[in-house]
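Descriptive analysis of the structure
Each chain, letter by letter, is given below.
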Amino acid sequence: MSDADSEPDQFDDADGGPDDGPLVEIVRAVGHEHVTAEHASTVELTTDDWLTPAGDCIVGVEADRTPRDFSTAFREACRDADATITATFAVGEPGATDVDVDAPAYIDEIAGRGDPDLRLLDDRSMVGRTSEYTDDERTIFVDADGAAADLDGDLVAALAAGAPVALRLEVEPAP
């Protein structure tokens, strides 16, 4: 896992605008005092504005988008079992109102893959999984190389202090 100094170009042209193309989606959220990121098999963002201590996979609340908002082309690309889906978490400083995606205070990523059974239709939250479980509308990738518990500790501490987060989801189709 990495910090902001090791990958400064991670978010080039990834502002959620038209330059991103259909295979990139950006979701903005904020951390919460109950973020612990202790879950070993999932990582989640939710549109809810609250979090209980039991939500140990949730790393961001008040998400501005959900899988239902993603472009049709993006959702279709995620349904390719050979596609790689990379989730990059860019986190700002606690107390900031937004994160500068070109120069975040903290950055980390988790990579998974797509699956033909991904529905990507949930309107409340999104979940990345280390397992191959796809039987809900929230799953955004499976067979991931990490989960909430694998995120950088300083990044998690910033989220627990309420820092803003930008999640960049990129689908790389199979060659």
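Throughout what follows, the structure given in this document is the object of discussion. (Residues numbered from 1 in each chain as written. Predicted model: local features only at pLDDT ≥ 70, side-chain atom pairs only at ≥ 80, totals over all residues. Heavy atoms only, no water.)

1. Examining the overall build of the protein
The line we're drawing: Runs of H or I in DSSP of at least four residues are treated as helices and runs of E of at least two as strands, each being numbered from the N terminus. Any two residues whose heavy atoms approach within 4.5 Å at even a single point are treated as in contact. Computed by Shrake-Rupley with a 1.4 Å probe, the accessible areas treat only the displayed protein chains as cover when residues are assessed.
Scanning the protein for helices and strands turns up two helices and eight strands. Partitioning the contacts of the protein with sequence separation of at least 6, the portion at a separation of at least 24 is 70%. Total accessible area on the protein is roughly 7,700 Å²; 43% of this is exposed by carbon and sulfur atoms.

2. Observations concerning the environment of Val165
With respect to the element layout, Val165 can be found in strand E8 (residues 164–172). Sequence separation between Val165 and Ile107 is 58 residues, and the spatial gap between their C-alpha atoms is 9.4 Å. When near neighbours in sequence (up to four residues on either side) are disregarded, Val165 contacts Val27, Arg28, Ala29, Val30, Phe89, Ala90, Val91, Val99 and Leu159.

3. Some remarks on the pattern of salt bridges
Rules: What counts as a salt bridge is simple: a side-chain nitrogen of Lys or Arg found within 4 Å of a carboxyl oxygen of Asp or Glu. Remark: exposure states derive from per-residue accessible area (1.4 Å probe, protein chains only) relative to the maximum for the residue type, with buried under 20%, exposed over 50%, and partly exposed in between.
Summed over all chains, the structure comprises twelve salt bridges. Note that Arg138 and Glu44 form a salt bridge whose closest N and O atoms lie 3.3 Å from each other. Placement of Arg138 in the loop between strand E6 (125–129) and strand E7 (139–141) and of Glu44 in strand E2 (residues 42–46) is noted, with a sequence separation of 94 residues between them. Judged by relative accessible area, which is 26%, Arg138 ranks as partly exposed. Judged by relative accessible area, which is 8%, Glu44 ranks as buried. A salt bridge links Asp135 to Arg119, with the nearest nitrogen and oxygen atoms 3.3 Å apart. Here Asp135 is found in the loop between E6 and E7, whereas its partner Arg119 is found in the loop between strand E5 (106–113) and E6, with 16 residues between them in sequence. Exposure remark for Arg119: the relative accessible area of 32% places this residue in the partly exposed category.

4. Re the nonpolar core
Nonpolar side chains in soluble globular proteins tend to end up buried together. Note the cut-off: Residues grouped as a nonpolar core are buried Ala, Val, Leu, Ile, Met, Phe, Trp, Tyr and Cys residues, joined through side-chain atoms within 4.5 Å.
Within the largest apolar cluster, 40 residues are counted, with the highest numbers of intra-cluster contacts made by Val59, Phe89 and Phe141. Filtering out sequence-adjacent residues up to four positions away, Val59 remains in contact with Val30, Gly31, Val35, Ala37, Val43, Glu44, Leu45, Phe89, Ala148, Leu151 and Leu159.

5. Details of the environment of Ala147
Relative to the elements of secondary structure, Ala147 occurs in the loop between E7 and helix H2 (153–160). Residue Ala147 is classed as buried on the basis of its relative accessible area, which comes to 0%. Among all residues touching Ala147, those that are not within four sequence positions of it are His39, Ala40, Ser41, Thr42, Val43, Ile110 and Thr130.

6. Re the pairing of E2
The test is simple: Strand pairing is assigned whenever DSSP identifies at least 2 bridges connecting the two strands.
In terms of residue burial, E2 counts as a mostly covered element, since five of its five residues are buried. Of the two faces of E2, the one lined by Thr42, Glu44 and Thr46 and the one lined by Val43 and Leu45 are each fully buried. One ladder, built from two bridges, connects E2 with strand E3 (residues 58–60); its direction is parallel. Bridge pairing links Leu45 to Gly60 in E3.

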